[in-house]
Amino acid sequence: QVHLVESGGGLVQAGGSLRLSCAASGSIFSIRAMGWYRQAPGKQRELVAAITSGGSRNYYADSVKGRFTISRDNGKDTVYLQMTSLKPEDTAVYYCNFRPPDENWGQGTQVTVSS
């Protein structure tokens, strides 16, 4: 079973930036697509960005396109989410998981954007 640990969240003003990291344990990380998901209060969890196993192709939700960048380092079993030009509507708990996601989710990392 792969264990995923998210980090890097925090409180930031609108227009600011954060970089999230997700460290994975287990040898299958490098052969699977990964995604960053988020869940805002009262809303369903949504996929915001995804990256193929080799990192050659990315997907972004329309709401974050042009502001967020997903990347991965298979040598470190880590996936990143660089977030810029943050908006209050980006406030959510951010999770990483495979794409499609496994049933087990980590604790996530809270991102709060103040106006």
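Anything mentioned here points back to the structure above.
Scoring rules and cut-offs
- Residues numbered from 1 in each chain as written.
- Predicted model: local features only at pLDDT ≥ 70, side-chain atom pairs only at ≥ 80, totals over all residues.
- Heavy atoms only, no water.
- Helix = DSSP H or I, 4+ residues; strand = E, 2+ residues; numbered from the N terminus.
- Polar contact = N/O pair within 3.5 Å; in protein donor to acceptor, adjacent residues only side chain to side chain.
- Contact = heavy atoms within 4.5 Å.
- Buried < 20%, exposed > 50% of the residue type's maximum accessible area, 1.4 Å probe, protein only.
- Phe/Tyr/Trp six-rings, centres within 6.5 Å; stacked < 30°, edge-to-face > 60°.
- Lys NZ or Arg CZ within 6 Å of the ring centre and 35° of its normal.

J.: Explain the side chain of T109 to me, using residue names and the numbers behind them.
T.: On the secondary structure map, T109 appears in strand β10 (residues 109–114). A distance of 2.9 Å separates a polar atom in the side chain of T109 from the backbone nitrogen of G9. Here T109 is in contact with E6, S7, G8, G9, L20, A92, V93 and Y94, once residues within four sequence places are set aside.

J.: Provide a residue-level description of unusual backbone geometry, including the pertinent values.
T.: With an omega dihedral of 0 degrees, the bond running from R99 to P100 counts as a cis peptide bond. For P100, the location among the structural elements is in the loop between β9 (92–98) and β10. Here the phi dihedral of D77 falls at roughly 50 degrees; this positive angle occurs in a residue that is not glycine. Looking at the element boundaries, D77 is found in the loop between β7 (68–73) and β8 (78–83). In this structure D77 comes out as partly exposed when scored by relative accessible area, which is 22%. Look at S85: it is not a glycine, yet its phi comes out positive at around 45 degrees. Note that S85 resides in the loop between β8 and β9.

J.: Run through the packing of aromatic side chains, naming residues and quoting values.
T.: Aromatic ring pairs are described here by two measures, namely the spacing of the ring centres and the angle between the planes. Within the structure shown, the criterion is met by 2 aromatic pairs. Relative to W105, the ring of Y37 has its centre 5.0 Å away and its plane inclined at 85 degrees; by these criteria the two rings are edge-to-face. With Y37 in strand β4 (residues 34–39) and W105 in the loop between β9 and β10, this residue pair connects regions lying 68 residues apart in the sequence. On the accessibility criterion, W105 (28% relative accessible area) is partly exposed. Aromatic ring contacts, followed pair by pair, group Y37, Y95 and W105 into a single cluster. Positioned above the aromatic ring of Y80 is the side chain of R19, whose terminal nitrogen or guanidinium carbon lies 4.0 Å from the ring centre. Over the ring of W105 we find R45; its NZ or CZ atom is 3.8 Å from the centre of that ring.

J.: An account of the environment of A61 is requested, with residue identities and associated values reported.
T.: Note on placement: A61 falls in the loop between β6 (58–60) and β7. Between the C-alpha atoms of A61 and A50, which are 11 residues apart in sequence, the distance is 9.1 Å. Excluding residues that lie within four positions of it along the chain, A61 makes contacts with L47 and V48.

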